[in-house]
Amino acid sequence: MSNSHLGTLYVVATPIGNLEDLSPRAARVLGEVAVVAAEDTRHTSRLLRHLGLSVPMLSLHEHNEAARVEQLDQRLLRGENVALVSDAGTPLISDPGFVLVRELRARQRRIVPLPGACALVTALSAAGLPTDRFLFQGFLPAKAGARRQRLEALELREETLVFYESPHRIRDTLQEIATSLGERRVVLARELTKTFETFLDGTAGFLLELMAADPDQARGEFVIMVEGAVVRGSVDAASLEANALLEALLDEGVGVKQAAAVAARLMGGAKKTWYAQAQTLKETR
Ligand code: SAM
């Protein structure tokens, strides 16, 4: 039997900070569907308002997702189209939607993904760590014991490891990475696509020192990327070069502030970050 008279579930990625990242196709579909199933309707109503849209919404979060399946399927059966969105980025990626999509796919409903922002892919695309193989781990468990166990189980994995983390736990998690995974390159992507977007690069211990020198570096949303167990390719030339430059300036008696200004000018990036890095180097000499 043909399903052509049934509605479609559109899985719509939304921005992770910068509203310009919403695709024209996503904006059109959000304006055309009968209902938007949203992780948090208040949050999504701001996005819809920004787009000048007024569309009925229905909440769909981890506590009511199973119950919503029937309700939304009834709409599809009536030929209505439905959009699924989460607060930010791609639904189902550390966000609700998996149960709905699994159930509707089992019923052979039409499901169309609309690609867009996803923090892990955005972070990897600019980190300079191998991306041919990576292992996304989402959020580590909240409890310290379980977190350590998870990290220790990853110790020998060769893929780049990718984690999501909140500002409440970023320091604890970096500490745990230093203890369980040892001296490895870690790239921390913070506040992607937002005003204070920052990439920090170094060992977990070094990043903790940077945060101690500049607590702003511990604020916001994070993607943590950790080099896999076997180092492939050359040593990270750029970060070695950056540290060598700072060391040389400090050796020549240039002050931390001036060294940071020179480094920012030559290598790019924020003076503040360079300042924290120069300060740490000076203190650890
Ligand atoms: N579905 C989203 C996606 O596609 O990336 C992820 C949702 S998950 C609940 C939220 C986590 O994603 C944050 O705690 C953070 O780790 C990461 N994240 C989301 N937006 C981010 C951003 N702008 N910068 C850095 N990390 C971000």
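In case you missed it, the structure is sitting above this.
What you are looking at is a predicted structure, and each value in this text was computed from that prediction instead of being measured.

Draft legend 1. Inspection of helix α8 (residues 204–213) at higher detail. Listing the buried residues of α8 in full gives A204, F206, L207, L208, L210 and M211. Of the surrounding secondary structure, the elements contacted by the buried residues of α8 are α7 (170–181), β8 (186–190), β9 (198–202), β10 (222–226) and α11 (271–283).

Draft legend 2. Highlighting the site of the ligand. Around the ligand sit 19 residues, and of these T90, D95, A119, Y164 and F222 come closest. One of the side-chain N or O atoms of E221 is found 3.4 Å from a nitrogen atom in the ligand. Starting from 570 Å² of accessible surface for the ligand in isolation, the protein chains cover 91%. In this structure the site holding the ligand corresponds to the second largest pocket. For the shell around the ligand, the secondary structure elements donating two or more residues are β7 (160–165) and β10. The class makeup of the residues in the shell around the ligand is 11 nonpolar, 3 polar and 5 charged.

Draft legend 3. Focus on the layout of surface pockets. Size it by volume and the second largest pocket reaches roughly 460 Å³. In terms of lining, the second largest pocket is formed by 24 residues, of which the most central are A88, A119, F139, Y164 and E221. Those elements that place two or more of their residues in the lining of the second largest pocket are β7, β8 and β10. Residues belonging to the lining of the second largest pocket are distributed by class as follows: 12 nonpolar, 4 polar and 8 charged.

Draft legend 4. Layout of unusual backbone geometry. With phi around 80 degrees, L92 is a residue other than glycine that occupies positive phi space. Along the chain, the position of L92 falls in the loop between β4 (82–85) and α4 (98–106). By relative accessible area, which is 28% here, L92 ends up partly exposed. In the Ramachandran plot, T193 falls in the positive-phi region, its phi being about 70 degrees despite a non-glycine side chain. Turning to its location among the elements, T193 is positioned in the loop between β8 and β9.

Procedures and definitions
Residues numbered from 1 in each chain as written. Predicted model: local features only at pLDDT ≥ 70, side-chain atom pairs only at ≥ 80, totals over all residues. Heavy atoms only, no water. Buried < 20%, exposed > 50% of the residue type's maximum accessible area, 1.4 Å probe, protein only. Helix = DSSP H or I, 4+ residues; strand = E, 2+ residues; numbered from the N terminus. Contact = heavy atoms within 4.5 Å. Near = heavy atom within 4 Å. Polar contact = N/O pair within 3.5 Å; in protein donor to acceptor, adjacent residues only side chain to side chain. Areas by Shrake-Rupley, 256 points an atom, 1.4 Å probe, with all protein chains shown as cover. 1 Å grid on protein atoms, 1.4 Å probe; cavity = no way out; pocket = protein on both sides within 12 Å on 5 of 7 lines; lining within 4 Å. Sits in = over half its atoms within 2 Å of the grid points. Nonpolar A, V, L, I, M, F, W, Y, C, P; charged D, E, K, R; others polar. Points joined across faces, edges and corners; volume = space filled by probe spheres on them.

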